[in-house]
Amino acid sequence: MKSVKYLLAYTVPLTAAIAIYLQNLYTYLTPIYVFVLLPILEQLLPQSKLNPTKEEALAKKKDKLYDWLLYLNLPLTHGILIYALYLTHTTTLDNYELIGIIFSTGIVLGTNGINVGHELGHRPTPERFIGKLLLLPSLYMHFFIEHNHGHHIHVATEKDPATAKLNQPIYIFWLKSIPYQYINAWKIQLQLLQSKHKSFWSIYNDMLCFLVITIFYLSAIYLLFDTKGLLVALFSGMIGFLLLETINYIEHYGLLRNKKASGRFERVAEIHSWNSNHTLGRIVLYELTRHSDHHFKAHKKYQILAHHEQSPQLPYGYPGSMLLSLIPPLWFKIMNKRVPKHMVPATYA
C-alpha cells in the first residue's frame, strides 16, 4: 500500500487535462497547482527523514507496482500533449488561453515526462526505451546520453555544464547548460562509437537516431495539426526542458568536488547534491528530491532512495526552490550561506 501515495504524481497531468478541457483562465490551473499550492503545502506539512529498513527496501525493490506507476506516465504525458494539440487545432482560443495550455502541457512534459524518463534511463533494462520516449516531447532525447555518461561522471566539477557555479544566475546557467549538454552528448556518442568500433551511420548511433526520431515527430505534428500545432508542441517542449534545467540548477548549485593530489576529483558523495525531504515534492517527483542518494548510487530505484544527514539541505521543496531561483539576488542571499565553506572558491570567500 505504500506505493499508492505515488498516485499523487498523476495530479499534475490531471490538472492539465482539466485546464485544457475548461479553457479560459482555467488553462493556468497546472502552474498554479505546481508553483503556488504545492509550495504552500510543503511549508505547512512536516518533512520526513525516515529511511526504509533493509527488509523494507528489499521488498519495495521487488514490488513491480512501483515500476508500473512509472510506465503509466508514457500514455499520460503523450495523451495530454495530443489533447492539447487537438484542442488548439480545432478550437479558436485567445492568446492568453493558448499560453496557459502551453504552460500546463509543458509542466506535464517536464514533471511526468523528463523526470520519469530520467528514472527509467538509469536502468540497464528494456525500460530505457520507455524513458527515451518520455524525453521525446520535450525535444531532449540527448539527455539520456549526456546525463548517464557525462553528468554523473563530471557532476560538481567545472567539466559539467549541468552544475551551476556559485553566484551564477539561472538565466546565464540556461544559456550555457542547454547548448553545451547537447554538444557534450554528441562528443560522448562519438567516443562510444569509436570504442565499440561502430560506424557513425549505424543504429548504434543513438544521437543520430534521436535526431531522426525528433524530426519525424515534429513533421508528424505539422502534418496533423498545422503550424499552430507545431508551435504549441515546440513551446510546450521548451517549457519541459527549462523545468529540467531549473531542477539541474537547484540540485547542484555551488557544490564542488575537491581534487586529489593525483589531479583526479574525489568520488561523488552525498555532499555533492542538494537534498529535500519535503513530503509532497518527494512524492510528486518520484523521490527526485532525494538527489544526494541518487548521485551516490545512481542505479538505486526511486522508492528506496534514502536521506543522508551529511547532505546539504534545500530550505524549501523543489517547487518553491525553483521559484526562488528565478529571482537571483534573493536566491544568492538565501543559498550562498548554505554552501559548505570548503566548496566556496577563494574569490567568494
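Given the structure is predicted, the values throughout are model-derived calculations rather than measurements.

About the thresholds
- Residues numbered from 1 in each chain as written.
- Predicted model: local features only at pLDDT ≥ 70, side-chain atom pairs only at ≥ 80, totals over all residues.
- Heavy atoms only, no water.
- UniProt positions renumbered as here; feature names shortened; annotations may be inferred.
- Helix = DSSP H or I, 4+ residues; strand = E, 2+ residues; numbered from the N terminus.
- Buried < 20%, exposed > 50% of the residue type's maximum accessible area, 1.4 Å probe, protein only.
- Contact = heavy atoms within 4.5 Å.
- Axes fitted to C-alpha atoms, helices over the stretch in contact; angles between N-to-C directions.
- Parallel < 35°, antiparallel > 145°, perpendicular 65-115°, else oblique.
- Nonpolar A, V, L, I, M, F, W, Y, C, P; charged D, E, K, R; others polar.
- Patch = residues over 30% accessible without salt bridge, like charges linked within 9 Å, V, L, I, M, F, W, Y side chains within 5 Å.
- Areas by Shrake-Rupley, 256 points an atom, 1.4 Å probe, with all protein chains shown as cover.
- Salt bridge = Lys/Arg side-chain N within 4 Å of Asp/Glu carboxyl O.
- 1 Å grid on protein atoms, 1.4 Å probe; cavity = no way out; pocket = protein on both sides within 12 Å on 5 of 7 lines; lining within 4 Å.
- Points joined across faces, edges and corners; volume = space filled by probe spheres on them.

A. Looking closely at the UniProt feature "transmembrane region" (unreviewed entry) in the protein. Residues given the UniProt feature "transmembrane region" (unreviewed entry) here are residues 7-22, 65-86, 203-225 and 231-250. With 75% helix and 0% strand, residues 7-22 has its two end C-alpha atoms placed 23 Å apart. For residues 203-225, the helix share is 87%, the strand share is 0%, and the end-to-end C-alpha distance is 30 Å.

B. Expanded view of the UniProt feature "domain: Fatty acid desaturase" (unreviewed entry) in the protein. When the UniProt feature table is mapped onto this chain numbering, "domain: Fatty acid desaturase" (unreviewed entry) sits at residues 103-305. This span, residues 103-305, is 62% helix and 0% strand, and a straight line between its end C-alpha atoms measures 30 Å.

C. Representation of unusual backbone geometry in the model. Phi is positive for A156, close to 65°, though the residue is something other than glycine. Its place among the elements puts A156 in the loop between α8 (143-154) and α9 (170-196). A positive phi angle, close to 65°, is found at N167, a residue other than glycine. Relative to the helices and strands, N167 is located in the loop between α8 and α9. Looking at N167, the relative accessible area reads 29%, which means it is partly exposed.

D. Structural context of helix α13 (residues 318-325). Of all the 8 residues making up α13, 7 are buried; the element is thus mostly covered by neighbouring parts of the structure. Of all the residues in α13, the buried ones are Y318, P319, G320, S321, M322, L324 and S325. Packing partners of the buried residues in α13 comprise α2 (29-44), α9, α10 (206-252), α12 (291-296) and α14 (328-335).

E. A look at the packing of α8 against α10. Packing of α8 against α10 brings their axes to within 12 Å, and their N-to-C directions diverge by 25°. With respect to each other, α8 and α10 are oriented roughly parallel. Residues F143, F144, I145 and H151 of α8 form the contact with α10, whose participating residues are D206, M207, F210, L244 and H252. A per-class count over the contact of α8 with α10 returns 6 nonpolar, 2 polar and 1 charged.

F. Broad picture of a nonpolar patch on the surface. Taken together, the side chains of I32, V36, L37, I40, L41, L44 and L45 present a nonpolar region at the surface, about 610 Å² in accessible area. Looking at where I40 falls in the secondary structure, it is placed in helix α2. Exposure remark for I40: the relative accessible area of 48% places this residue in the partly exposed category.

G. Structural detail: empty space enclosed by the protein. On inspection of all chains with the given rule, the structure shows 5 cavities of 30 Å³ or more. Counted as a void, the largest cavity has a volume near 120 Å³. Every residue lining the largest cavity is counted, 15 residues in all, and those nearest its centre are I114, N115, L244, I247 and L288. Elements that contribute at least two residues to the lining of the largest cavity include exactly α6 (95-121), α8 and α10. Residue classes in the lining of the largest cavity are distributed as 7 nonpolar, 7 polar and 1 charged. If you add up the space inside the second largest cavity, you get close to 100 Å³. For the lining of the second largest cavity, the secondary structure elements donating two or more residues are α2, α10, α11 (279-284) and α13. No other element matches α2, which puts 3 residues into the lining of the second largest cavity. The residue inventory of the lining of the second largest cavity, partitioned by class, reads 10 nonpolar, 2 polar and no charged.

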